[in-house]
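Chain by chain, the residues:
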Amino acid sequence: MDLRLVPHAEPTDAERAALDAAIGPPTSAWDGGPRATGSDANTAGGGHDARARRHLLLPALWALQERVGWISPGGLNEVCRRLTVPPADAYGVASFYALLALEPQPARVVHVCDDIACRCNGAEAIVAQLEERFGPEGSSGSDGSATWYRSPCLGQCDRAPAALVSIAGVNPLERAQAPASVADVLALLAGREPEPSPRAALPQAGDGSLPLLRRVGAVDPGSLDDYRAEGGYAALRRALELGPEGVLREVKDSKLLGRGGAAFPAGVKWEAVARQPARPHYLVCNADESEPGTFKDRALLEGDPFALVEAMTIAAYATGCERGFVYLRGEYPEALHALEHALTEARRRGFLGPDVMGEGFGFDIELRRGAGAYICGEETAIFESIEGRRGEPRNKPPFPVEEGLFGKPTVVNNVETLVNVLEVVLRTGPVFAESGTEQSTGTKLLCLSGHVERPGTYEVVFGATVRDVLDLAGGVRGGRPLQAVLVGGAAGSFLSPDDLDVPLTFEGTRAAGTTLGSGVVLVLDDTVDLGRLLMRIAGFFRDESCGQCVPCRVGTVRQEEALARLLAGDARGGVERELALIAEVGQCMRDASICGLGQTASSAVESAIGRLGVFGGAA
């Protein structure tokens, strides 16, 4: 049966206006507009046309959230009428995302990061003072005008501790505040207008030898002319000379592996989609880097957005994709504005649209904003989210190259992978493959954070060791003893001070029993309580599990419970039994979870126990 959240709940004028701007005004009585007259009044609209608009559900929910600060029953009912989505279904989607509120809340909300990198830089002290001076999270203060919440990683680890302020209204405002102090957060809660945070310093800024980062910090990211003056769109011109087959050949010869964590050969993926007879083909850029400790893609999105637009255009040309999507994490407002501007300028100047560069090739890009769900970094969960459903991973096969977005062949790559394509095309695939190692070609972006002197995004040639990049970042802050290094993020593994000569390559980290993942290198000195840090990691995976499969849904909870007992000194049956339980739960999640979240949810915990001897494990 159909479910109405609140019978007869109607939207406000402000909510109607927000939806009109986001998805267009209603066209008939069937979707909330005026009733037609004559014979047209007896004809139902919708069908295929209505179902084709389902992908507008998340943008519509965002429009309500930004306009009034939450999604009211009346607003949700109006969304359902406009898009002909069952209310129960729409409610399930809205309740899936952490940045969307289904209960009334103040228009001004501050999210304070308390994840692993920010914890290393005083986040817990900020939270404690906020609780004392403003009230516990969710409190509305004395005048009810603002509230605050703890948040998982905001992707500002190089400027930790971080906060994110959202102000709903006719002209909504969202801005990252990093580094943030207690005084900053209290001022924001008191009504101060947030000022733009200083752009994150790039430690290697000005180094023209860096293939990926050479323009970041050196070129105006909003100027297409500046981008072209520094070599922009030369790669696309070369790609058009090579033709689709030539581009595919270069990408395959480069041995370029995906930089998002899975390390799948990009050329193999592209060729598989290009050969599919079903049309249309889609291209999806995964810009939802929500792995705690990861911020490398943000550096490219904010500092060199036209590079991504050009790279996606080349990928689309090679694989026959008519339409592309950038799925951007919801906590990146500055990247959102940079990309919106870049896409507008590219269309205006003929680099996107029905006739790209006058070559008879049509391609355009849509920007889709996530809403706070780590699981949407999984490639099939992105499809579900874009299509207007809960971001739950799909079973594979079929694989995305056969049935991806909207059931059609789809290329999915992350930001770093795509931007590498510019170098592949310009330098040729074999020349690109000469740098790095046999199995890990090119350069890698690394996210250095934690207790390090110069945190930030670094670009290194594959083969550099953990010790090399630690030295590059100035070593452990204050010269304190090194306790551990977390490589690969919350889904990665811990290395001990004895493991600093592990090469940061796909094969090198694999041989060391860890993973390069998304490029996280989180440095921890001797002041960190590793047991409590593991509790935060376990809590993150418990919260971010989509709940679709039992091993992950239950396993992440059981893992956290066992860690809590160990921390409290209340081990059931002794410490060894609890550690055996954690290992057994971890193995179950690896073997039986649908996607990578469950398969890696115990990696950091088990590595800390086995390699570092936390809780008395075998060091």
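As shown above, the structure is provided for reference.
Chemist: Got a minute to help me understand the overall build of the protein chain in this structure?
Modeler: Of regular secondary structure, the protein chain possesses 24 helices and 13 strands. Structurally, the protein chain occupies a C-alpha span of about 80 × 65 × 45 Å along its principal axes. Buried positions account for 58% of the 619 residues belonging to the protein chain. A sequence separation of at least 24 residues applies to 70% of the contacts in the protein chain between residues at least 6 apart. Surface summary for the protein chain: the accessible area is close to 23600 Å², and the carbon and sulfur share equals 51%. Measuring between centres, the 60 positive side-chain charges of the protein chain sit 2 Å from its 82 negative side-chain charges.

Chemist: Just to check I follow, could you spell out the pattern of salt bridges for this structure?
Modeler: Here the idea is simple: oppositely charged side chains can pair when their charged atoms come close. Inspection of every chain in the model, using the stated rule, returns 53 salt bridges. Salt-bridge contacts for R16 lead to E10; the nearest nitrogen and oxygen are separated by 3.8 Å. For E10, a relative accessible area of 46% puts it in the partly exposed group. Residue R611 is joined to D499 by a salt bridge in which the shortest nitrogen-to-oxygen separation is 3.3 Å. Of the two residues, R611 is situated in helix α24 (residues 603-612) and D499 in the loop between β12 (493-495) and α19 (506-511); the sequence distance between them amounts to 112 residues. Residue R611 is classed as partly exposed on the basis of its relative accessible area of 27%.

Chemist: Looking at this model, I keep getting lost on the pairing of strand β10 (residues 456-461). Mind explaining?
Modeler: Consecutive side chains along a regular strand alternate between the two faces of the sheet. By the criterion of burial, β10 is predominantly enclosed, with five of the six residues buried. The sheet contact formed by strand β9 (residues 443-450) and β10 spans six bridges and is antiparallel. Bridge pairing in β10 links L446 to Y458. Joining the antiparallel neighbours β9 and β10 is a turn of five residues.

Chemist: For this particular structure, what's the right way to read helix α8 (residues 182-189)?
Modeler: Three or four residues apart is the spacing at which side chains of an α-helix point the same way, because the helix has 3.6 residues per turn. Residues of α8 that are buried: V182, V185, L186, L188 and L189. Mapping the buried residues of α8 onto a view down its axis gives an arc of 160 degrees, with all of them on the same face. Contacts made by the buried residues of α8 are with β1 (108-113), α7 (123-133), β2 (146-151), β3 (163-167) and β4 (173-177). Once α8 ends, the next one or two residues include G191, with phi positive near 115 degrees.

The rules behind the values
- Residues numbered from 1 in each chain as written.
- Predicted model: local features only at pLDDT ≥ 70, side-chain atom pairs only at ≥ 80, totals over all residues.
- Heavy atoms only, no water.
- Helix = DSSP H or I, 4+ residues; strand = E, 2+ residues; numbered from the N terminus.
- Buried < 20%, exposed > 50% of the residue type's maximum accessible area, 1.4 Å probe, protein only.
- Contact = heavy atoms within 4.5 Å.
- Areas by Shrake-Rupley, 256 points an atom, 1.4 Å probe, with all protein chains shown as cover.
- Lys, Arg positive; Asp, Glu negative; His and termini not counted.
- Charge placed at Lys NZ, Arg CZ, Asp CG, Glu CD.
- Salt bridge = Lys/Arg side-chain N within 4 Å of Asp/Glu carboxyl O.
- Pairing = 2+ DSSP bridges.
- Arc of directions from axis to C-beta.

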